[in-house]
Each structure stands twice: as C-alpha cells, then as structure tokens.
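Take a look at the letters that make up each chain.
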Amino acid sequence: MGSRITAAASVQMDENMRVSGNWRLYLAALVAAVSAGLSGCGSPDARFVENRAFAHLSETAAKYEKGFTRQQRQDVDNVLAALYGTPDAPALPALANVDVSKVLDISKLKLAAGRVGSDSTGRPRGLYREHCAHCHGITGDGNGPTASFLNPYPRDYRAGLFKFKSTPIGYRPLHDDLKKIVVEGIPGTAMPSFRLLSDQEIEALVEYVKYLAIRGETERQFYNALGADITETDFLSKANPEVVAKELAEAKEGKAPTQKEIDDKIAETNPQRIEAIKGYAEGVFTKWLDAVDLMTQPAAKITSRNDAMRALREELSAAGTEEKKLTDAFLLAESQQRGRKLFYGTVANCFSCHGPTALGDGQLGDYDRWTEELITKKPTQELIDEYMSYGMPEPRNIRPRNLRLGVYRGGMRPLDLYRRVRNGIEGTPMPANDKLKPEEIWHVVNYVQSLPYEQISNPYEAVPENRRERN
Amino acid sequence: MNCHLTHRLSLLLIATFAICAAGCPRSSGTAVLIDQGEVADLRKSLGEGAAGKAEAVAAAEPTGFATIKGSFKLDGTPPARKALTVNKDQDICMPGGREVLGEELIVDANGGIKDVVIYCITKMPPEDPKWIHPSYAAIKEAEVEFDQKNCVFLTHMLAFRSTQPIVLKNSDPKGHNANIAAKGKALGGNFLIPAGSTSRYVAGGESPEPFDVSCNIHPWMSAKMLVRDNPIFAVTKADGSFEIKHVPAGVPLEFKVWQESSKFMQSVKLNGKAAKWPKGKLSFKDKDILKPDEQRTLEVTVDAASFAK
C-alpha cells in the first residue's frame, strides 16, 4: 500500500521535475522509492487459509447456486479466530463441558506457534514453521509450498483423520501415536524423522498438530452446518441490528423500537449464540478425549507375539510333535505357513487388494478419504478441475502397499503391523478385521514380514555348477 | 541529454516500483477474512465460560402424537438406470451374466420413487416421553441388519438411530468390506466382513445428511446411511410410499427430504400445489402444526428434471 502511494507521488514529481531537469532529485526519489518498496515487502503476518474445497463441497450439497456469501465465510472465520486465535497467537476456548487442557497444552503450543526464532532465554519459537509448514502448510492443510512435489502428499490435518495410530477407525489418534510419527518419520514417504529435536520441542510440535487438526475440524463442522442447515446457523453471524429492529417492530405492530430495546434483544440472544459455538467446539474436543478413554479400557490390550508363539508351541506339543523339533525357527515357519493360508483365505482376504503376489496390485482404482469426499469414487475431469480450482491437489489413486518391499509406513515393529491388520487404516480402503483371533493376526504378521524374502515364483532351481566341466 | 536522462530515470523508477510491488505478496489459498472488532467481542463472550450460559428456553411441549404418511412420485420419464462395471468375481456378483444396475434412482411402474428419506431435524429431548413415543423407546437399542448378497447392499438407503447397533452381514461366499464414510457426529468405520459372517457397527452420534457406504473389494457396490438421534424418519418403499408414526404433535417441526439422485429435494408438488423446500427443508409451523392423532398426508410429485441424468 505504502509503495503505491509513493509511486503516485513520484509520477507527480516526474511531471514537475521535467522543467528543471534536476536529475539528482530523481536519484533521491529512486532511493526513497526503493527503500519504501522494500520496507513494505518483508513477509506479511502468517494467516490461516480457508478450507475452500470443503466449503465448496458443503455449498454444493446445499445447492447454493452462487456458493456461500463472503459474509457467511467471514462469519466462520471470525468465530474460528475467536476460538483458536491466529498462527502467531494461538488461543484455546474455555468450554463448560470439556476440559480443554486434557487435550491441548497452551504453553507447549506457544513454543510451536509464531515466527521462527527464540525468546530472551534462548527457548525456541516458531517450531512448526521451521520444521513442518513448508510441507503441511501454515493451516495444516497439507498444502505447503513443497507439497505438490511430494508423493504421497503431506497429510491434511483438518479432517482430524490420521492413518497410523493405535486407536480403531473412527477414533482420533492418541498423543503418543502422533509423537511416534514425528520421532520416527514415515518410511517410504517424504516425512522425515525428527529424532534430533529435544523431547520438549517434539512435544510442542505434536500439540500444534493436534491444535491444527481441532481447528480444521471445527471449521468443517461449521461449513457442514451452513450447508446442511441442520441447526440454526444464525449462531455464526452477529445479530444484525436492522433485522432485529424490524422483528421488534413487527412484534409491536409497526411501532419503531428504541435503541435500548434493540441492544437488549441482541444481548439476550448472545448467550444462546455463544452456547451453540461452544457446543460445536466441544464436539470436536470430545472426540480426542473419547480415544483416550477407549484405549485405557482393558479390552484394548493386545496379546504379544510371544504369547501367540507360546500358544502355537503348546498346541503343536499337545498334538504330539516331538519336543526337540519345536525350535523357534520351526515355530516361526509353521506360523508363516498358517499366515500364508489366511492371507489367501476368505476371512483375512488380504490378496484381494494386495494382489495374488502381494505386490500391491490387486486394487488400483480407489481414492483415499481425503480425495474421495471431494471428487467421489469415479470423478469426471470437470469435477476434478472444479475442486483443483479450490485448492485440492491433483488427485492420485491410493495403492495397496507392496508387501514385497519390507517398507511399512506405520512402523516396522510387529506390533505396528498387528494394529494395521486388526484396526485397519483410517481414511483408506484397508478395513479392520475383528474376525481373526489374535494368534491368527500374529500368523499373518509373521507371514507378511517374510514376504520380502520369499520367492514370488519358483523358477527352475539353478543347476549346481559343474566345476570339472568348466575347468 | 538531460531530458533523456530524466526519462530513463523515471522509467527506472517505475520499473523499481513494479518489481517491489510484484515481489511482495506471497500467499496461497484464500486467506481468512477477519473482522477484528467482531472477534474481540466474541472472544469476550466466549471467555465468560459457564457464567454466560444460556438459560434453557421454555419451549413448547408436544400435546400428543400424529402420523405422517404419503408417497413420492416422479412426474415424467425416469432416466435409465446405468449398468455398473462388474470387473471382479463375476460368478457371484453377476449370477447368470445378468447386468447389475445402479440404484441412484429407482422408479416403479406407477412413478413411485424408492429410497427417499424424510427425517425430522427439530431438536428434541432424547428421553422425554412427551416427544419420543414409548413404542420408540422400546426399540431404542434394537439391532438393525445391513446385509449384502450378490455384491449388492440389500438396503440401499438405511436410516437408523444413533443408539442402534448395525449388524453388517455378508451373505456372499466372498469377503466384503463395509467402508462407512460417516459425517457429522457419527463415527466412521471400515469393517472386513468375511464370507457368511457378520460385524457390528455403532454410530454413536447423528449425521446431518446421508453418507456413503462402499466396499473397496468390489468398488461398484454402494449404499447410503443416515444416522439420527430421534426416531422421526422414514425411507420410502419401492412404491414410493412412507409412513412415520408417533410424530410429536402441537409443536412446530422441521423435516429434511433427501434422495440420492436429487440430493435435498427443493421444488416439488405437494398435494397438487407447487412447493419450495429450501435446501430440502419442509416445515410444519403455524397453521401447519400437526394436531394430536391427526393423519397428515403428503402426496409429493417431483419433476423428472430434478434428478441427475
């Protein structure tokens, strides 16, 4: 803005100076202009961006022909800013029915928020922008400057969905699930390990990721409400004094209300409005607490692989297998054989997507949830173009994992693989399987872990070389 | 010479500006629009915490129960149902090589539209017998079956209460999965259902509109689910008819009407007269409020042009 004004002034100057032809003045103006221009440059304050793609989905569902109005969008943005603050100054709402501090720690959030730097005591600031924002974006929309170069794309946190976690599909991840991803990274993707950061810094980043996920989900819920109009969505917008005056006038049969009456009426409806806003935020926070509650129940405990192998040994022993034959190697081979049978069987049904040779080529036409919710299962090019114009990255099909590579995104511990089979993977076609017994899942895990080392086919065995013949 | 120089200098000046100005803004996406005054006001009100709690508004209470029944009929020629691409397990999914048709819009010989869902969106206390008839309370947690056979979800549009567990059944000799892409407060899920077996799904919360259920193993399979906290909803049968019993009477109510192909139904003919339902919203208020024991009939006709081709 400042530079534009100076520009206009200097054009004026240009006119005046032509007569005198004093070029020194021009140089002075040039210097002034450059410095004015540069001072205005810097980087502007970071701002969250709107979830336009999701807003468009909601306005399409609601058949708004012209889309949400600017006012409607601004209403959503205002309420979000009031609840969650800005990228430089995050805030958390005080909610009556949910203890927000059990989900997010505002002091840790502040380490991660803001510009990159450190405070007077040397403690870091702006960790999210230093380490995460270039891929995941300031808003956590998975659309940072480098995002379009990556495959897979960085996660968009705003749906609140995360793939690799200990909780079942439908539940939010635990804090420690996200922490594991930050510490270890995701093999086979661009997500690196941040193990070299201090624990305090990693904690701050995890908090900030949760914060962005919660903010983003609240935004989606507001757009959903605007689109489906399921509840009174007046709560998003400030009461309009003119409308209130008109309503009061109608109630009083045409007599114009006084200013005080209008103000009182607005003040009267305000608590309901605040209550509704808080209700939405509470709904989002509750999902994160529910996950913690679920995972602290005894049913969530998983039997270990050792338990499964012990049970197998006992079973084989009872069936009369000689004790000296029951070595660890023998048991593992037996478990892998059982796992193989399950892999190709109708209960586990792994091969139908991972392919008959486990190369991950059984099902290639699917999209993940983040993409499919916008462009449906079978999008037309027009639909894809439409949503790309609203900021959706170019869609890619989701592929079942190639199990021959030995690279496991959710972690390579047997427990990680167990969870993928038992709980499925959120947002993807990989379903949960509660039909397999725990031992059976461990057999599948053992088999899957053997796949990178198993021959895909059985070619003719190499004939032992005949040394004498060659010599 | 001097003039020449000034000319050059002024060009340089303008060019410098252009560069400075062009190099400045770096933004991607649509930055949020914020009214600082409004945000400050809101934040103040939000900070009031429990003290600022709204007092419960003494709302009108129902005076009895009524019945809503009627039908949805299509006016005009329905679009032809599309044949689905069955590219897998044809022996089971296409018995006898028969084509499998999409179920977005199924219209019978008399124009009756199947799978229109009509549901009440007025908030009501979940336990209050004045609102929820005892016959509904009795089946609050009754199981609902959701079966699939020959790679077709047998219930294409399933509406149920958030307290009702769904038994996901598979009557095929092949494995399926039910990938439930829930919306709103309903929990999502993705369940593998081995051949001839079942799985359980509990939504736990309601969804503002119907959402997709699909099978990733057989990608042409599709169904819709709607989860509601209250029991006041119905899905039309093959002949387009529906009936909702025990609807709270004496209070204003709002309903939504949705069909997969038309989405929220907007312009219809209600009992012969043209009616507009903004965003699919049908209201019973003022003189339209249901009376106790009333039998309200809704004969709805929808123009064929309202449906996706």
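Residues numbered from 1 in each chain as written. Chains lettered and ligands numbered in written order. Predicted model: local features only at pLDDT ≥ 70, side-chain atom pairs only at ≥ 80, totals over all residues. Heavy atoms only, no water.

K.L.:
Any chance you could break down the overall build of chain A for me, citing the residues and the numbers?
P.N.:
Across its full length, chain A carries 19 helices and 2 strands. Taken over 471 residues, chain A has a buried fraction of 48%. Within chain A, counting contacts between residues at least 6 apart in sequence, those at least 24 apart form 61% of the total. Within the structure as shown, chain A displays about 24,200 Å² of accessible surface, and the carbon and sulfur contribution to it stands at 54%. (Helix = DSSP H or I, 4+ residues; strand = E, 2+ residues; numbered from the N terminus. Buried < 20%, exposed > 50% of the residue type's maximum accessible area, 1.4 Å probe, protein only. Contact = heavy atoms within 4.5 Å. Areas by Shrake-Rupley, 256 points an atom, 1.4 Å probe, with all protein chains shown as cover.)

K.L.:
Let's hear about the overall build of chain B: which residues, and what values?
P.N.:
What chain B contains, in helices and strands, is 4 helices and 20 strands. Looking at chain B residue by residue over its 309 residues, the buried ones come to 52%. In chain B, of all internal contacts separated by at least 6 residues, the share reaching a separation of at least 24 is 69%. Only carbon and sulfur atoms are counted for the fraction: they give 56% of the accessible area of chain B, which is about 14,300 Å².

K.L.:
Can you lay out the environment of A:Leu289 for me, pointing to particular residues and giving the numbers?
P.N.:
Looking at where A:Leu289 falls in the secondary structure, it is placed in helix H11 (residues 259-295). In the structure, A:Leu289 is positioned 129 residues away from A:Gly160 in sequence and 13 Å away in space, judged by C-alpha atoms.

K.L.:
Before we move on, could you go through the environment of A:Trp288 and cite the residues and values that matter?
P.N.:
By secondary structure assignment, the location of A:Trp288 is in helix H11. Between the C-alpha atom of A:Trp288 and that of A:Gly160, which follows or precedes it by 128 residues, the distance is 9.3 Å.

K.L.:
Can you lay out the sheet that holds strand E18 (residues 273-276) of chain B for me, pointing to particular residues and giving the numbers?
P.N.:
Residue and element names in this part refer to chain B. With respect to topology, 5 strands assemble into an open sheet ordered E14-E1-E20-E17-E18, the strand pairing being mixed. The outermost strands of the open sheet, each flanked by one partner alone, are strand E14 (241-249) and E18. Within the sheet, the average angular offset between the axes of one strand and its neighbour, ignoring direction, is 35°. (Pairing = 2+ DSSP bridges. Axes fitted to C-alpha atoms, helices over the stretch in contact; angles between N-to-C directions.)

K.L.:
Give me the lowdown on helix H2 (residues 36-47) of chain B, citing residues and values where you can.
P.N.:
Residues and elements named next belong to chain B. Between its first and last C-alpha, H2 extends 16 Å over 12 residues, near the 16 Å set by a 1.5 Å rise per residue. All of the buried residues along H2 are Glu38, Val39, Leu42, Ser45 and Leu46. Considered in projection along H2, the buried side chains sweep an arc of 130° and stay on one side of the axis. Among the exposed residues of H2, those pointing more than 90 degrees away from its buried face are Gln36, Lys44 and Gly47. (Expected span 1.5 Å × (residues − 1). Arc of directions from axis to C-beta.)

K.L.:
Explain the nonpolar core residue by residue, including any values.
P.N.:
Soluble globular proteins tend to pack their nonpolar side chains together in the buried interior. A:Tyr128, A:Tyr208, A:Phe222 and A:Phe285 are the most contacted members of the largest nonpolar core, which has 67 residues in total. The element best represented in this core is helix H9 (residues 199-228) of chain A, accounting for 14 residues. Membership of the second largest hydrophobic core comes to 36 residues, among which are B:Val116, B:Val251, B:Ala275 and B:Leu290. (Core = buried A, V, L, I, M, F, W, Y, C linked by side-chain atoms within 4.5 Å.)

K.L.:
Quick rundown of the pattern of salt bridges? Include the residues and the values.
P.N.:
A side chain of one charge can pair with a side chain of the opposite charge if their charged atoms are brought near each other. Applying the stated rule across the entire model yields 41 salt bridges over all chains. One salt bridge connects A:Arg129 with A:Asp88, and the closest N-O pair in it is separated by 2.6 Å. Placement of A:Arg129 in helix H6 (residues 127-131) and of A:Asp88 in the loop between helix H4 (70-84) and helix H5 (106-112) is noted, with a sequence separation of 41 residues between them. Under the relative-accessibility criterion, A:Asp88 is labelled partly exposed at 31%. Between B:Lys224 and B:Asp212 there is a salt bridge whose closest N-O contact spans 2.2 Å. In this pair, B:Lys224 sits in strand E12 (residues 222-228) while B:Asp212 sits in strand E11 (residues 211-214), placing the two residues 12 residues apart along the sequence. (Salt bridge = Lys/Arg side-chain N within 4 Å of Asp/Glu carboxyl O.)

K.L.:
An account of the state of the cysteines is needed here, citing residue identities and associated values.
P.N.:
Scanning all chains against the criterion turns up 1 disulfide over all chains. Here B:Cys93 pairs with B:Cys151 through a disulfide, and the sulfurs are 1.9 Å apart. Between B:Cys93 and B:Cys151 the sulfur-sulfur dihedral comes to about -40°; the bridge is accordingly left-handed. In this pair, B:Cys93 is assigned in helix H3 (residues 90-93) and B:Cys151 in the loop between strand E4 (148-149) and strand E5 (152-153), connecting sequence segments 58 residues apart. This pair shows no difference in class: B:Cys93 is buried, exactly as B:Cys151 is. The cysteine A:Cys350 is free of any disulfide, with A:Cys353 supplying the nearest cysteine sulfur at 9.3 Å. Its relative accessible area of 15% is what places A:Cys350 among the buried residues. (Disulfide = S-S within 2.5 Å.)

K.L.:
Can you tell me about helix H12 (residues 305-318) of chain A, naming the residues and giving the values?
P.N.:
An α-helical turn contains 3.6 residues, so any two residues separated by three or four positions project in the same direction. All names here are of chain A. Taking 1.5 Å as the rise per residue, H12 with 14 residues should run 20 Å; its terminal C-alpha atoms sit 20 Å apart, in good agreement. Of all the residues in H12, the buried ones are Ala308, Met309, Leu312 and Leu316. Projection of H12 onto a plane perpendicular to its axis shows the buried side chains occupying an angular sector of 95°, all on one side. More than 90 degrees from the buried face of H12, the exposed residues found are Asn306, Glu314 and Ala318. Summarising the contacts, the buried residues of H12 are in contact with helix H13 (328-343) and helix H18 (438-450). Two residues or fewer after H12 comes Gly320, characterised by a positive phi angle close to 100°.

K.L.:
Any chance you could break down the pairing of strand E1 (residues 64-75) of chain B for me, citing the residues and the numbers?
P.N.:
All names here are of chain B. The element E1 is largely enclosed, with a buried count of 9 among its 12 residues. The pairing of E1 with E14 spans 7 bridges and is antiparallel. Paired with Ser71 across the strands is Ser241, a residue of E14. Inspection of the sheet shows E1 paired to strand E20 (residues 295-303) by 9 bridges, in the parallel sense. Bridging across to E20, Ser71 finds its partner in Glu299.

K.L.:
A description of unusual backbone geometry should follow, citing residues and the corresponding values.
P.N.:
For the peptide bond that leads from A:Asn151 to A:Pro152, omega is 0°, which places it in the cis range. Here A:Pro152 lies in the loop between helix H7 (133-136) and helix H8 (175-184). Of note in this structure, B:Asn271 is not a glycine but carries a positive phi near 45°. Tracing the sequence through the fold places B:Asn271 in the loop between strand E17 (267-270) and E18. Phi is positive for B:Asp286, which is not a glycine, with a value near 50°. Counting through the fold element by element, B:Asp286 comes out in the loop between strand E19 (281-284) and E20.

K.L.:
Any chance you could break down the pairing of strand E8 (residues 176-180) of chain B for me, citing the residues and the numbers?
P.N.:
Residue and element names in this part refer to chain B. The element E8 is extensively covered by neighbouring structure, given that 5 of its 5 residues are classed as buried. Both faces of E8 are covered, namely the face carrying His176, Ala178 and Ile180 and the face carrying Asn177 and Asn179. As paired strands, E8 and strand E9 (residues 189-193) are joined by 5 bridges and run antiparallel to one another. By the bridge assignment for E9, Asn177 is matched with Leu192. Relative to E11, E8 is paired through 2 bridges, and the arrangement is antiparallel. Considered in E11, the bridge of Asn179 is made with Ser214.

K.L.:
So what's going on with the sheet that holds E9(B)? Residues and values would help.
P.N.:
All names here are of chain B. A sheet is described by the order of its strands in space; here 5 strands give the open sequence E6-E12-E11-E8-E9, paired in mixed fashion. Of all strands in the sheet, those bounded by a partner on one side alone are strand E6 (157-161) and E9. Between one strand axis and the next, the sheet turns by 25° as a mean value, whatever way the strands run. Alignment of E6 against E12, held across 5 bridges, turns out to be parallel. Directly across from Leu158, in E12, lies its bridge partner Met225.

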